[in-house]
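# Per-entry structural report
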Amino acid sequence: MPIDYSNKLVKKPWGYEYLIYENGKVAVWMLNIEPGKNTSLHCHTKKKTGLILLEGEISVELGFYETKNLSAPDKVMLRPGLFHSSKSLNATSKLLEIETPIDKEDLVRFEDNYGRQEKPYEDNKFFSDLGTKEILFKDPGKFKQEYNYKESIVKFERHYDCANLINKSDDTIFAVLNGGLFSGDSQIVLSPGEVVRTETIKKLSEVFKIKDYIDVLVINKNE
């Protein structure tokens, strides 16, 4: 039976994570990585994954030959099958992990500093009830959702056309959670799980349109 991760905190040797939002298409997890610690070098064979750094600085190992340093707010998109690991550099880092399709068991570990190589995702002995201080995103409607982190502001918005999206600052990060941009024959070209900046939205909107609506997380620097 599928495990219900809602309202559960999953203890990790590098910190903890919890499910902050899920809609049947996309799962969004909040990761808290303690200073100097890192996730296992792992991949997802089916899922595409977007990482959005909200607080701190991390070093992301991409494959076996490339490393990318991120300072909040920043993002990286990971294709299925790409081995990756995230290390918090100076202070506790907070990042959103956006995955689609939803499958927590889609995990292959290559190496791990804590003896978990080749082991599956943590079972319920690592679970505890989620505290009331932890933020949970809600489905966007007519009410405003805005969440403040040390270096980032996160908004959860619903849009029916691209006008307000393309007018945001160039460094704005968008994570698509529902809907997308479609061609005239209804083929989706920007789908749930994608993480992009304003320039990509601007370019795609020259040809492609929102069908019904699009739900997005909008991330900007907290000045």
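Refer to the preceding data block for the structure.
For every chain, the first residue of its written sequence is number 1, and the numbers climb from 1 along that sequence. Note on the predicted model: pLDDT of at least 70 is required for a residue's local features to be given, and 80 or more for side-chain atom pairs to be given and counted; whole-chain, interface and lining totals, by contrast, use all residues. As a rule here, side-chain values cover all heavy atoms of the structure and leave hydrogens and water aside.

Turning our eyes to something else, we now look at helix α2 (residues 198-205). Restricting attention to buried positions, one finds in α2 the residues Thr198, Ile201, Leu204 and Ser205. Buried residues in α2, looked at end-on, bunch into an arc of 135 degrees, giving them a common side. Opposite the buried face of α2, at more than 90 degrees from it, the exposed residues are Glu199 and Lys203. Between two residues, a contact is recorded if the distance between any of their heavy atoms is within 4.5 Å. By the criteria applied, helices consist of DSSP H or I runs no shorter than four residues and strands consist of E runs no shorter than two, each listed in order from the N terminus. On the buried face of α2, the contacting elements are α1 (163-166), β15 (173-182), β16 (188-190), β17 (195-197) and β18 (209-221). The cut-offs for exposure are 20% and 50% of the maximum accessible area for each residue type, with area from a 1.4 Å probe on protein chains only; residues under the lower value are buried, those over the upper are exposed, and the others partly exposed. The directions considered for the arc are those from the helix axis to the C-beta atoms.

Moving on to the nonpolar core. By size, the foremost hydrophobic cluster in this structure holds 24 residues, and its most contacted members are Ile20, Ile52, Leu96, Phe137 and Leu217. Where this core is concerned, the elements lending two or more residues are β2 (15-22), β3 (27-33), β5 (48-55), β10 (93-100), β14 (152-159), β15 and β18. In terms of residue count, the dominant contributor to this core is β2 (four residues). Each residue touching Ile52, except ones within four places of it in the same chain, is listed here: Asp74, Lys75, Lys94, Leu95, Leu96, Ile98, Ile173, Ala175, Val195 and Ile219. What makes a nonpolar core is a set of buried Ala, Val, Leu, Ile, Met, Phe, Trp, Tyr and Cys residues whose side-chain atoms join them at distances within 4.5 Å. In terms of nonpolar packing, the next biggest core, distinct from the first, is built from 22 residues, Leu19, Ile33, Leu53 and Leu62 among them.

Our focus in this paragraph is the sheet that holds strand β8 (residues 74-78). Reading across the sheet, the seven strands line up as β8-β5-β10-β3-β2-β1-β12 and stay open at both edges, with antiparallel pairing between neighbours. Either end of the sheet is taken by a strand with one partner, and the two such strands are β8 and β12 (127-129). Pairs of neighbouring strands in the sheet enclose a mean axial angle of 25 degrees, with direction left out of account. Two strands pair under a simple rule: DSSP has to find at least two bridges between them. Two strands pair when backbone bridges link them, and β5 and β10 are joined in this way by seven bridges, in the antiparallel orientation. In the sheet register, Ile52 faces β10, and the bridge partner there is Leu96. Axes here mean lines fitted to C-alpha atoms, for a helix over just the part in contact, with angles spanning 0 to 180 degrees between N-to-C directions.

With that settled, the discussion passes to the environment of Ile210. Positionally, Ile210 belongs in strand β18. With relative accessibility at 14%, the residue Ile210 sits in the buried group. Along the primary structure Ile210 and Leu181 are separated by 29 residues, whereas in three dimensions their C-alpha atoms are 4.7 Å apart. Ignoring sequence-local partners within four residues, the contact set of Ile210 consists of His159, Tyr160, Asp161, Cys162, Leu165, Gly180 and Leu181.

A separate point is the pairing of strand β1 (residues 8-12). Note: β1 against β12, three bridges, orientation antiparallel. When the bridges of β12 are listed, Lys8 appears paired with Asp129. As paired elements, β1 and β2 share four bridges and run antiparallel to each other. When the bridges of β2 are listed, Leu9 appears paired with Tyr18. Connecting the antiparallel pair β1 and β2 is a turn made up of two residues.

It is worth spelling out the side chain of Lys12 at this point. By the element assignment, Lys12 lies in strand β1. What Lys12 contacts, discounting residues up to four positions off in sequence, is Glu17, Arg109, Arg116, Tyr121 and Glu122.

Let's shift gears to the packing of aromatic side chains. Think of a pair of aromatic rings as described by two things: how far the centres are apart, and how the planes are tilted against each other in angle. A pair of Phe, Tyr and Trp rings is counted when the ring centres sit within 6.5 Å of each other, with Trp represented by its six-membered ring. The angle between the planes then sorts it: under 30 degrees is stacked, over 60 is edge-to-face, the rest tilted. Going through the model one piece at a time under the given rule, you end up with twelve aromatic pairs. Between Tyr5 and Tyr121, the aromatic rings sit 5.8 Å apart at their centres with planes inclined by 85 degrees, giving edge-to-face as the arrangement. Placement of Tyr5 in the segment before β1 and of Tyr121 in the loop between β11 (108-111) and β12 is noted, with a sequence separation of 116 residues between them. Tyr121 carries the same exposure label as Tyr5, and that label is buried.

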